[in-house]
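What follows is the residue order along each chain.
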Amino acid sequence: MNFVALRMLTGDRAKYFGLVFAIAFCTFLLENQTSIFANIMKRTASQILDVTDAEVWVMDPQTEYWEQTKALKDTDLTRVRGVPGVQWAVRLFKGNPVARTLEGKFASSFLIGIDDATLAGAPREMLSGSWERLREPDSVVIDQAGYILLFPDQPLSLGRTLEMNDHRVTIVGISDVPAPFVSLPVMHTRYSEAINFLGRERTQLSFIIARPQAGVSASDLTSRIHAQTGLRARTSLEFMWDCVRYYLQHTGIPVNFGITIAVAIIVGAVVAGQTFYLFTVENLKQFGALKAIGITNVRLIGMILLQAFTAGTLGFSMGTGMAATFFEIFRHKLATRGIILMWQCVALTGACILFVVIVASILSIRRVLVLEPAAVFRG
Amino acid sequence: MANVMNEGFGVSCRNIRKRFGSGEAAVEALRGVDFETRFGELSFLVGPSGCGKTTLISIIAGLLDRTDGELTVLGTDLDELSPGERVLFRRRNLGFIFQQFNLLPALTAAENVAVPLIAAGTPRRRAVDQASALLSQLGLGTRLQALPSTLSGGQQQRVAIARALVHEPRLVVCDEPTAALDHASGEAVMELLAANAVRPGRTVIVVTHDARVFHYAHSIAHMDDGRIVNVTRPERAARSEESWREGPTQPSPQFQETYA
């Protein structure tokens, strides 16, 4: 009877397309909003994830997330290096100087100072130049988006100069770092240069990044560092989630996105669920005739489930295709670079759609099961 | 246990009662109905609206439970069957013709007719072939692929007749088969039903208001207020199976007067 079920589903084209498109748009909206939300949250920690050399971040005990730093003492680096299990530990500076071009265009920027000797923490994805050239005096590597912001409509080229706190710095590389939460240029330089560019304060050390020795896990090492130095030590992943949690708790972003996602779920569930339920109700006479003819309830349940899952699968596939197309288009735009359709969001949306389909099926099945076949004799 | 109450009767009802609701709101739809149909006959159940005809055929078809009384359908006491067995019994032994045809609008005429066969496990292609052959016999050979919405009322009812007969049921239950049709189409449908549904091992029950088709009946049970008040056997009942195929007989003046 499967073909009968499918023909009943597709027989009324208007209702069929209405049902499939309702599910498709619900899917699109859910995948779109959850993915953008997740990617924006991921951006809050993009500079942490970009440092692939180190697995452990050490910071002042009061530091909660990447943007909020309280300088450590220089001696803290020595103390961390003294913790058993540390393979290496180096300094990392984070500041926000204003970078100005010779043409007068300027922008506040993220300046990351990496260890002079090892260059640990340097960006590994380079579009032009080399991070090794950071060893040259007064040199910076700037990210592509920052370059375009400061030098709009100009080709990517090395050797351009910027003025930073009365220092003339030369661009020796253009990187492809993940977009930060705020759309500011991201620049890397050596630690000693960064301090010069920013102006000397009594303490400058934003973070210490470290790597555990072989056989020591990153989480073990964080516990040891904390126990021995009293400093806050987090693995890269833990620190990333600290940042995400901070933004979730202290900004309106989750509320805004949450409302949109909730509306998408409710509207999607109501529209798709109700459309399918009404579709079954309008076909009750047909189901009654099938019951009278001798189709068992089990077979009728199978028919309804087949109809629901066919519409659900088609709608979900179409919606996912629409979402994938959307992200494919926008991931090449500079402002939305790196914002991708996350498989977790697809899975979550799939679960939501499955829930809607199951609820609508249960309501429809209930109507058909309680339907008296004798009702077909009533005009 | 399926017992055989009366081998000669397709359906045998004794003192059938049906009550809907309870307490003061209870409605007694059937008040002790005695009704029988014979194999090889077209039995009409007639009477005014609300007299209990539809309730009675729903009970006979196993679609509704009775409150009281004894019922044997094709030698089987339906009370002895579990709900699942009753569904299988209906699928194997009963054919239905409804007033509003109740064809599946998304299926072609041939596919609609094939549904009972497919439900019984016949492969789809074979079922559609079988259905097409029957539809051709009924004069719809050129409309096999037509959707019900493109067929006239008479054609739709012919498809419904084919659907009711395609699996060779032993009991065919027809509810107002001509009510939605004009006189000519109604006549044609009854002609078709009389010519194709009535077989020696089969019994056909027709519920109708339509006095214009009473002359097709072998027996007419007259219902009123939940009871059978009168059973008559018009002239054709005496005719042989071969002879009634020759054409319809005229309804008696008594029925003309009552139902015209």
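Residues numbered from 1 in each chain as written. Chains lettered and ligands numbered in written order. Predicted model: local features only at pLDDT ≥ 70, side-chain atom pairs only at ≥ 80, totals over all residues.

## Observations regarding the overall build of chain A
Line of reasoning, step 1. On a plain count of helices and strands, chain A comes out with 12 helices and 12 strands.
Line of reasoning, step 2. Each principal axis of the C-alpha distribution contributes one length, and for chain A these read about 95 × 50 × 35 Å.
Line of reasoning, step 3. Considering chain A as a whole, with its 379 residues, one finds that 44% of them fall into the buried category.
Line of reasoning, step 4. For chain A, long-range pairs separated by at least 24 residues make up 81% of all intrachain contacts whose partners lie at least 6 apart in sequence. (Helix = DSSP H or I, 4+ residues; strand = E, 2+ residues; numbered from the N terminus. Buried ≥ 20, exposed ≤ 12 C-beta atoms within 10 Å, placed from the backbone. Contact = placed C-beta atoms within 7 Å.)

## Let's talk about the overall build of chain B
Line of reasoning, step 1. Looking only at helices and strands, chain B features 8 helices and 10 strands.
Line of reasoning, step 2. Across the 260 residues in chain B, those meeting the buried criterion constitute 50%.
Line of reasoning, step 3. Considering only intrachain contacts with a sequence separation of at least 6, the fraction spanning at least 24 residues in chain B is 71%.

## Overview of the confidence of the model for chain B
Residues and elements named next belong to chain B.
Line of reasoning, step 1. Here chain B averages 82 in pLDDT, while 87% of its residues score no lower than 70.
Line of reasoning, step 2. For chain B, per-element mean pLDDT is lowest for helix α7 (residues 241-244), which scores 42, and highest for helix α3 (residues 109-119), which scores 92.
Line of reasoning, step 3. Scored below 50 in pLDDT, residues 1-6 shows 11 contacts in the model against residues more than four places distant or in partner chains.
Line of reasoning, step 4. In this model residues 237-252 is a low-confidence stretch, pLDDT under 50, and it forms 20 contacts with partners more than four residues away in sequence or in other chains. (pLDDT = per-residue confidence, 0-100.)

## Observations concerning the interface of chain A and chain B
Interfaces are often sized by the amount of accessible area the parts lose when they come together.
Line of reasoning, step 1. Counting from both sides, the interface comprises 21 residues of chain A and, opposite them, 25 residues of chain B.
Line of reasoning, step 2. When contributions to the side of chain A that touches chain B are tallied by element, the ones reaching two or more residues are α1 (2-11) and α10 (284-293) of chain A.
Line of reasoning, step 3. For the side of chain A that touches chain B, the element with the most residues is α1 of chain A, which contributes 6 residues.
Line of reasoning, step 4. Within the side of chain A that touches chain B, the residues separate by chemical class into 12 nonpolar, 6 polar and 3 charged. (Nonpolar A, V, L, I, M, F, W, Y, C, P; charged D, E, K, R; others polar.)

## Thoughts on the domain arrangement of chain A
All names here are of chain A.
Line of reasoning, step 1. Assigned domains of chain A: these are domain 1 (2-44 + 252-377) and domain 2 (73-230).
Line of reasoning, step 2. Here domain 1 and domain 2 have C-alpha centroids that lie 47 Å from each other.
Line of reasoning, step 3. Across the boundary between the two partners, domain 1 contributes 6 residues, which contact 7 residues of domain 2.
Line of reasoning, step 4. Taken together, the residues of the side of domain 1 that touches domain 2 break down into 2 nonpolar, 2 polar and 2 charged. (Domains from an automatic or database assignment.)

## Details of the environment of Ala-61 of chain B
Line of reasoning, step 1. With respect to the helices and strands, the residue Ala-61 of chain B is situated in the loop between α1 (53-60) and β4 (68-73).
Line of reasoning, step 2. Not counting residues up to four positions away in its chain, the partners in contact with Ala-61 of chain B are Arg-90, Leu-94 and Val-173 of chain B.

## Comments concerning the sheet that holds strand β8 (residues 203-208) of chain B
Residues and elements named next belong to chain B.
Line of reasoning, step 1. Here we have 6 strands laid out as an open sheet, ordered β6-β7-β8-β3-β9-β10, and mixed in their pairing. The sheet is open, and its two edges are formed by β6 (94-97) and β10 (227-232), each paired on a single side. Within this sheet the neighbouring strands show an average axis-to-axis angle of 20 degrees, counted without direction.
Line of reasoning, step 2. In this structure, strand β3 (residues 41-46) lies alongside β8, joined through 6 bridges in parallel fashion. In the strand pairing of β8, Phe-44 is matched with Val-206.
Line of reasoning, step 3. On top of the sheet, helix α5 (residues 153-165) reaches β6 and β7 (171-175); it is set at about 170 degrees to β6, its chief contact. (Pairing = 2+ DSSP bridges. Axes fitted to C-alpha atoms, helices over the stretch in contact; angles between N-to-C directions.)

## Observations regarding the packing of α5 of chain B against helix α6 (residues 183-196) of chain B
Residue and element names in this part refer to chain B.
Line of reasoning, step 1. In contact at an axis separation of 9 Å, α5 and α6 are set at 15 degrees when each is read in the N-to-C sense. Taken together, the axis directions place α5 and α6 in an arrangement best described as roughly parallel. Of the two possible hands of crossing, α5 and α6 adopt the one that is right-handed. Contact with α5, carried on its side by Gly-153, Gly-154, Gln-157, Arg-158, Ile-161 and Leu-165, involves Ser-185, Ala-188, Val-189, Leu-192, Leu-193 and Asn-196 of α6 and no other residues of that element.
Line of reasoning, step 2. Of the residues in the contact of α5 with α6, the class split is 6 nonpolar, 5 polar and 1 charged. (Parallel < 35°, antiparallel > 145°, perpendicular 65-115°, else oblique. Left-handed = near helix turned anticlockwise from the far one by under 90°.)

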